[in-house]
Amino acid sequence: MFEAKWIWDEEIPQSNSNRNVLCYFRKRFYLKKANCRLHIKVTADSRYKLYLNGHPIGFGPEKGDKWRYYFDTIELDGSYLKEGWNVISALVVHYYIAEPWLYYRGGPGSVFRTATAGFLLEGDILDEDGNLVERVVTDESWRVYRDEGIDFIPSKHMPLVGEVEVVRGKKIPYDWCSVDFDDTVWKNAKVISKDRDIAFNPEIKLNELLPNWSLVERDIPMLYQEDRYFVKVIPESFISGITLEPNRSYSFLLDAGELTTAFPCIKVRGGEGSVIKFTYGECFSYRVLDGTLRKGIRDDVNGIIVGDTDTFYPSGRDDYYEPFWFRTFRFIRVDINVSSSPITIDKVWFREIGYPLSIDGTFRCSDEKLNKIWEVSIRTLKRSIHETYEDCPYYEQMQYVMDSMLEALYTYQISKDYRLAKKALYDFHSSLLPTGLLQSRYPSVAPQVIPLFSLYWILMLRDYVLYSGEIELIRRYRSTIDSILGWFERHLTENGLLGRIGYWPYVDWVDGWSWGIPPAFNSDTATIYSLIYSYTLKVASNLMLLIDSRGLFKEYKVRSMKIDKALKKYCWNEEISLFKDGPETEQFSQHCQIWAVLNELIKSDRAKSVIEKTLEDKSISRVSISHSYFLFRALDKTNLYNKYGPVLLNRWKDLLDMNVTTFPETFENPRSECHGWSAVPLYEFIASILGIRPSEPGFRKVDIKPHPINLNWAEGVIPTVKGDIGVRWERDDNSILINICSPKEVKIRLILSALDIPNPILLVNERETSFGNLIELPGGDYKILVKKGMN
């Protein structure tokens with residue numbers, strides 16, 4: 001597999017020092033001709049930044065775990081190589097192992113690491129005909145230098161992203177990744193545990209030991225990196241080429257124009273002994289009388305920037321600085337204390353980094369604010385995906401199950417790239433504990449369990465199969481499904497409901513719910529856990545039917561029926577006509593009513609009445625932005641979407657009035673200004689307003705059920721595995737015209753129950769047809785007119 005060897009600056013790396021270790025690596029090679037391609041396989045424990053002739057070409061490896069340690073593949077054309085001497089160089093960091101995990105330090109919690117540092121690279125240089133010209137591999141001929149200029153300091157705000165940096169420019173090897181850099185004072189690299197332990201050999205020929213790193217080729221594309229410039233500088237005098245006077249202090253504000261994830265970059269000259277600090281803020285905040293922070297208009301410069309800070313001490317030469325790990329910011333406050341030597345700011349910019357998600361879905365409508373919400377939702381999702389789905393890019397960058405379930409669903413509305421979703425399913429499957437539950441966030445060196453999140457993984461699998469058509473994944477994960485459901489079954493009490501389930505029983509960030517836990521949990525059985533478990537049993541039952549696993553299909557169905565019976569017996573309040581938060585409490589929440597409707601414990605007019613009551617009664621605990629996805633589903637199921645959908649969407653409009661550029665974690669005073677689960681409108685606009693949803697796996701059949709809400713027209717396209725499906729509808733007081741464009745092989749179920757047109761007359765391609773709430777059509781293009789008939 002690899003001719004290359006794992007290398008470091010010592011043969012047996014010592015890493016249990018509670019500090020991160022950085023090493024610089026270089027390898028020069030000579031080419032007689034320039035027109036060559038370069039194919040690189042590369043990985044590191046824990047992370048690398050890779051350069052060719054001084055140009056950044058890679059940042060990795062892809063996040064994995066002990067059983068699936070990724071190597072990246074990088075393809076470069078002839079423009080990167082030149083005739084004569086070339087150099088591949090790498091900056092590699094090894095994050096130390098802290099057990100138990102220590103928040104705010106130890107590198108990103110999502111980056112797996114072993115106790116041994118290492119770097120592995122194999123590069124094939126190919127001529128125009130694909131013939132091998134030269135192979136560059138990591139071995140003892142590489143030059144290496146251990147860093148002495150970068151200190152990692154515990155973060156104050158980023159509990160799972162790791163440390164901030166204090167960098168002393170004078171101790172950084174100057175221009176170290178250029179071809180002409182003199183590395184004679186560096187030493188030769190060491191092959192790790194050479195001839196001592198087969199676990200360090202990338203090409204294991206024996207089955208006695210699993211390797212230290214079980215290498216697997218990267219299964220997602222490399223992250224894109226793109227130079228961008230700040231749209232505004234305050235004060236405007238802080239521009240490229242400005243020289244700052246000695247013995248003075250300066251503060252400047254850099255505005256990226258929108259929240260982004262990027263490496264901030266600066267080039268300076270002179271200023272030895274000066275100090276430059278970069279403080280990263282998602283927005284402006286205000287400190288109120290009790291000392292706490294509040295958020296209002298996000299770009300109001302009368303507020304303050306609160307966030308983590310990197311510090312750089314210029315060497316006095318021509319210096320360049322960027323942090324090793326990318327930062328999240330909309331604003332950067334730059335504080336410069338100039339020493340007795342003036343300093344010149346040559347250039348300030350940022351190199352944006354993210355997952356290269358192809359955006360192929362579209363949406364437009366008659367409400368310009370909803371069009372803006374669509375744009376901001378896309379940005380929210382894009383900023384929340386890198387090598388995995390992430391909860392938030394600023395504070396944690398962790399892949400959580402609930403967040404990923406929602407983010408994957410949003411992805412399906414705008415892109416045919418399902419690779420991150422498929423990887424997330426495998427990642428969480430890989431986190432399975434002996435108890436039968438999944439970890440709630442993974443990959444992670446900080447284990448955590450939220451029991452409900454294991455159930456959401458099953459819902460995520462259902463969604464993936466529906467959109468992708470990959471039914472074989474159900475069979476692949478059948479044992480994991482059964483393991484999860486078995487854990488919940490073992491926690492049923494004598495009354496047939498789930499009892500106190502332990503771990504972190506988080507449900508939703510609700511006012512009055514400490515740590516997102518329903519108060520009923522503290523003194524009683526909490527209804528919501530049984531509701532979601534029963535619903536998931538129904539979903540799992542249907543999944544088993546798809547793979548003809550009829551025994552489990554029946555078993556899950558029966559188990560769900562028993563729980564439903566117990567829920568009706570112990571948790572329904574007949575007098576108030578709502579489900580209680582627990583059998584022995586008189587507290588009520590929107591959550592229980594939503595899941596009761598989705599579970600079909602109540603149907604038709606009673607379900608409609610319950611949802612209307614739960615929306616109108618302000619004393620009931622209300623869902624947050626993340627759980628609003630499920631509230632929208634209940635509105636659809638009770639035919640209340642047109643009435644209350646606009647009311648819910650107004651909450652996103654209110655956020656726009658705060659000048660957000662991504663949607664935050666919660667509606668009120670959020671921690672995170674960008675949270676992937678908040679991009680709910682991406683699903684609502686495509687799947688509900690346009691009404692396009694798969695009704696059979698892989699879009700063999702599609703449901704089209706438009707909800708006009710309060711709009712005059714809407715149009716859009718969803719990219720699918722069968723091809724694009726487009727819908728446009730427009731209406732007046734008496735009719736609605738629906739245009740459908742679908743691939744021939746996709747069967748259409750047109751559902752007209754949400755149109756609210758009295759005595760409707762139906763015309764399909766200008767031919768009058770008997771009206772029905774459900775019309776079956778073969779794939780193709782259609783003009784559907786539904787108009788008001790005579791009384």
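A few points on the structure. Computed from a predicted structure; not experimentally measured.

**Regarding the overall build of the protein chain**
Within the protein chain, the regular secondary structure consists of 14 helices and 39 strands. What you see for the protein chain is a C-alpha radius of gyration of 29 Å, in line with the 28 Å of a compact globule of 791 residues. Dimensions of the protein chain, computed from C-alpha atoms along their principal axes, come out at roughly 90 × 65 × 60 Å. Considering the protein chain as a whole, with its 791 residues, one finds that 62% of them fall into the buried category. Pairs at least 24 residues apart make up 74% of the contacts formed inside the protein chain by residues separated by at least 6 positions.

**Topic: the nonpolar core**
Counting residues in hydrophobic clusters, the biggest one holds 217 residues, and the most contacted among them are Tyr456, Trp457, Ile481, Tyr529, Trp595, Trp652 and Ile784. Considering each element in turn, this core owes the most residues, twelve residues, to helix α4 (residues 451-468). Apart from residues lying up to four places away in sequence, tyrosine 456 is in contact with Val401, Met402, Met405, Ile532, Trp595, His627 and Phe630. Judged by nonpolar contacts, the second largest core, of 41 residues, contains Ile40, Ala44, Ile125 and Val144.

**Some remarks on the packing of aromatic side chains**
Summed over all chains, the structure comprises 55 aromatic pairs. Summarising the aromatic geometry, the rings of phenylalanine 632 and tryptophan 652 are spaced 6.3 Å apart at their centres and angled 35 degrees between planes, so their arrangement reads as tilted. Of the two residues, phenylalanine 632 sits in helix α12 (residues 628-637) while tryptophan 652 sits in helix α13 (residues 641-656), which places them 20 residues apart along the sequence. Of the two residues examined, phenylalanine 632 and tryptophan 652, each falls in the buried class. One aromatic cluster in this structure is built from Phe453, Tyr456, Trp504, Tyr506, Trp509, Trp515, Tyr535, Trp595, Tyr629, Phe630 and Tyr683. One Lys or Arg, lysine 49, reaches over the ring of phenylalanine 324 and ends 5.4 Å from the middle of that ring. Positioned above the aromatic ring of phenylalanine 667 is the side chain of arginine 651, whose terminal nitrogen or guanidinium carbon lies 4.1 Å from the ring centre.

**Quick word on helix α9 (residues 550-571)**
Counted at 1.5 Å a residue, the expected span for α9 with its 22 residues is 32 Å, and the 31 Å between its end C-alpha atoms agrees. Residues of α9 that are buried include every one of Leu552, Phe553, Tyr556, Arg559, Ser560, Ile563, Asp564, Ala566, Leu567 and Cys571, and no others. One side of α9 carries all its buried residues, which in axial view fall inside an arc of 165 degrees. Exposed residues on α9 whose side chains face more than 90 degrees from its buried face are Arg550, Gly551, Lys554, Met561, Lys562, Lys565 and Lys569. The secondary structure elements touched by the buried residues of α9 are α6 (478-489), α8 (527-546), β28 (572-573) and β29 (578-579).

**Topic: helix α10 (residues 590-598)**
The element α10 is extensively covered by neighbouring structure, given that nine of its nine residues are classed as buried. Note on α10: the residue one or two positions beyond its end, glutamate 600, has a positive phi of about 60 degrees.

**Examining the pairing of strand β24 (residues 318-321)**
The alternating pattern of β24 places Asp319 and Tyr321 on a buried face and Asp318 and Tyr320 on a face that is not buried. One ladder, built from four bridges, connects strand β19 (residues 249-270) with β24; its direction is antiparallel. Residue pairing for β24: valine 268 is matched across the bridge by aspartate 319.

**With respect to the pattern of salt bridges**
Tallying each qualifying case throughout the model produces 51 salt bridges. The salt bridge involving arginine 47 is made with glutamate 387; its shortest N-O contact spans 2.8 Å. Here the residue arginine 47 occupies a position in strand β4 (residues 47-52), and glutamate 387 occupies one in the loop between α1 (368-383) and α2 (401-414), the gap between them amounting to 340 residues. The exposure classification of arginine 47 matches that of glutamate 387, with both residues buried. Of the charged contacts, one joins glutamate 489 and arginine 559 as a salt bridge, the two residues approaching to 3.1 Å between their closest N and O atoms. Residue glutamate 489 is located in helix α6, and its partner arginine 559 is located in helix α9; the two are separated by 70 residues in the primary sequence. Glutamate 489 gets classed as partly exposed once you look at its relative accessible area, which sits at 29%. Look at the salt bridges and you will find they share partners, linking Glu226, Arg228, Glu258, Glu352, Arg379 and Arg383 into a network.

**Focus on the sheet that holds strand β30 (residues 692-694)**
What the four strands build is an open sheet, ordered β30-β31-β35-β38; its pairing is mixed. The two strands at the open ends of the sheet, each matched to only one other strand, are β30 and β38 (774-777). This sheet shows a mean twist of 25 degrees between the axes of neighbouring strands, independent of strand direction. Note: β30 against strand β31 (residues 701-704), three bridges, orientation antiparallel. Note that in β31 the partner of isoleucine 692 across the bridge is isoleucine 704.

**Remarks on empty space enclosed by the protein**
For the coordinates displayed, the defined rule picks out ten cavities of 30 Å³ or more. In this model, the largest cavity occupies a volume close to 80 Å³. Around the largest cavity, the lining residues are Tyr95, Gly107, Pro108, Phe152, Val161, Gly162, Glu163, Glu165, Phe324, Trp325 and Arg327. Taken as a whole, the second largest cavity spans an internal volume of roughly 70 Å³. Together, Ser46, Arg47, Pro61, Glu62, Lys63, Gly64, Tyr69, Tyr70, Ser110, Val111 and Phe112 line the second largest cavity.

**Some details on the environment of tryptophan 729**
Inspection of the secondary structure assignment puts tryptophan 729 in strand β33 (residues 725-731). Relative accessible area serves as the criterion here: at 0%, tryptophan 729 is assigned to the buried category. Tryptophan 729 has contacts with Ile689, Leu690, Pro706, His707, Pro708, Leu711, Asn712, Trp713, Ala714, Ile736, Leu737 and Ile738, leaving out every residue within four places of it along the chain. A polar contact of 3.0 Å, which involves the side chain of tryptophan 729, links it to the backbone oxygen of isoleucine 689.

The rules behind each value
Residues numbered from 1 in each chain as written. Predicted model: local features only at pLDDT ≥ 70, side-chain atom pairs only at ≥ 80, totals over all residues. Heavy atoms only, no water. Helix = DSSP H or I, 4+ residues; strand = E, 2+ residues; numbered from the N terminus. Rg over C-alpha atoms; globule rule 2.2 N^0.38 Å. Buried < 20%, exposed > 50% of the residue type's maximum accessible area, 1.4 Å probe, protein only. Contact = heavy atoms within 4.5 Å. Core = buried A, V, L, I, M, F, W, Y, C linked by side-chain atoms within 4.5 Å. Phe/Tyr/Trp six-rings, centres within 6.5 Å; stacked < 30°, edge-to-face > 60°. Lys NZ or Arg CZ within 6 Å of the ring centre and 35° of its normal. Expected span 1.5 Å × (residues − 1). Arc of directions from axis to C-beta. Pairing = 2+ DSSP bridges. Salt bridge = Lys/Arg side-chain N within 4 Å of Asp/Glu carboxyl O. Axes fitted to C-alpha atoms, helices over the stretch in contact; angles between N-to-C directions. 1 Å grid on protein atoms, 1.4 Å probe; cavity = no way out; pocket = protein on both sides within 12 Å on 5 of 7 lines; lining within 4 Å. Points joined across faces, edges and corners; volume = space filled by probe spheres on them. Polar contact = N/O pair within 3.5 Å; in protein donor to acceptor, adjacent residues only side chain to side chain.

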